[in-house]
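Read off the chains here:
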Amino acid sequence: MIAAEDYELHMANVGQAQANAELIRELLAANPGKEGRRLLIAGCGPGQFLECAPVDHLKPYSCVFTDLSPAFIEQVRVRAESIGLDFEARVDDV
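Owing to the predicted nature of the structure, the values given are computational and were not obtained by experimental measurement.

Colleague: Any chance you could explain helix α1 (residues 4-14) here in plain terms?
Modeller: Along an α-helix, residues three or four apart share an orientation, since each turn contains 3.6 residues. Listed as buried for α1 are A4, E8 and M11. The buried residues of α1 occupy an angular sector of 65° when the element is viewed end-on, so they sit on one face. With respect to the buried face of α1, the exposed residues turned more than 90 degrees away are E5, D6, L9, N13 and V14. Of the residues one or two after α1, G15 is the one with positive phi, at around 80°.

As structure tokens, this is what we get:
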């Protein structure tokens, strides 16, 4: 298993966390859903993208975060709670 800290350092160094945050924002801007709908973010990793950009575009949704790593899921839980998202986080292999 890869430690969340090592994964996050790599993702930040290559700009992937920032790119993921922007891609999610662009997707939701182009395809807005109705308030209260569920939004699945599969392979969410530790949720580093939640700290790379404003997340107001996620607030109308009930987010479902999934990843294979229990450690990553615990980290995304901490991040999502800290910004007040309506969410559930599950260890899952889509």
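Colleague: Please clarify how helix α3 (residues 70-82) should be interpreted in this entry.
Modeller: Here α3 is 13 residues long and its end C-alpha atoms lie 19 Å apart, about the 18 Å a rise of 1.5 Å per residue gives. Positioned one or two residues after α3, G84 has a phi angle of 75°, which is positive.

Colleague: Teacher, can you tell me more about the packing of aromatic side chains here?
Modeller: Scanning the entire structure with this criterion turns up 2 aromatic pairs. Judged by centre distance (6.2 Å) and plane angle (50°), the rings of F65 and F87 are tilted. On the criterion of sequence distance, the pair formed by F65 in strand β2 (residues 62-67) and F87 in strand β3 (residues 86-91) is long-range, its members being 22 residues apart. The two residues F65 and F87 agree in class, both being buried. Aromatic ring contacts, followed pair by pair, group F49, F65 and F87 into a single cluster.

Colleague: Looking at this model, I keep getting lost on the side chain of R79. Mind explaining?
Modeller: Structurally, R79 can be placed in helix α3. Taking relative accessible area as the criterion, R79 reaches 7% and is therefore assigned buried. If sequence neighbours within four positions are ignored, R79 has contacts with E8, P46, G47, Q48, L50 and E51.

Colleague: Help me understand the sheet that holds strand β1 (residues 38-42), please; the structure alone is not making it clear to me.
Modeller: The strands making up a sheet are joined through hydrogen bonds of the backbone, oriented either antiparallel or parallel. Here we have 3 strands laid out as an open sheet, ordered β1-β2-β3, and parallel in their pairing. Here the strands that pair on one side only, and so sit at the sheet edges, are β1 and β3. For this sheet, the mean inter-axis angle between neighbouring strands, taken without regard to orientation, is 20°. As paired elements, β2 and β3 share 6 bridges and run parallel to each other. Following the sheet pairing, D67 is matched in β3 by V91.

The rules behind each value
Residues numbered from 1 in each chain as written. Predicted model: local features only at pLDDT ≥ 70, side-chain atom pairs only at ≥ 80, totals over all residues. Heavy atoms only, no water. Buried < 20%, exposed > 50% of the residue type's maximum accessible area, 1.4 Å probe, protein only. Helix = DSSP H or I, 4+ residues; strand = E, 2+ residues; numbered from the N terminus. Arc of directions from axis to C-beta. Expected span 1.5 Å × (residues − 1). Phe/Tyr/Trp six-rings, centres within 6.5 Å; stacked < 30°, edge-to-face > 60°. Contact = heavy atoms within 4.5 Å. Pairing = 2+ DSSP bridges. Axes fitted to C-alpha atoms, helices over the stretch in contact; angles between N-to-C directions.

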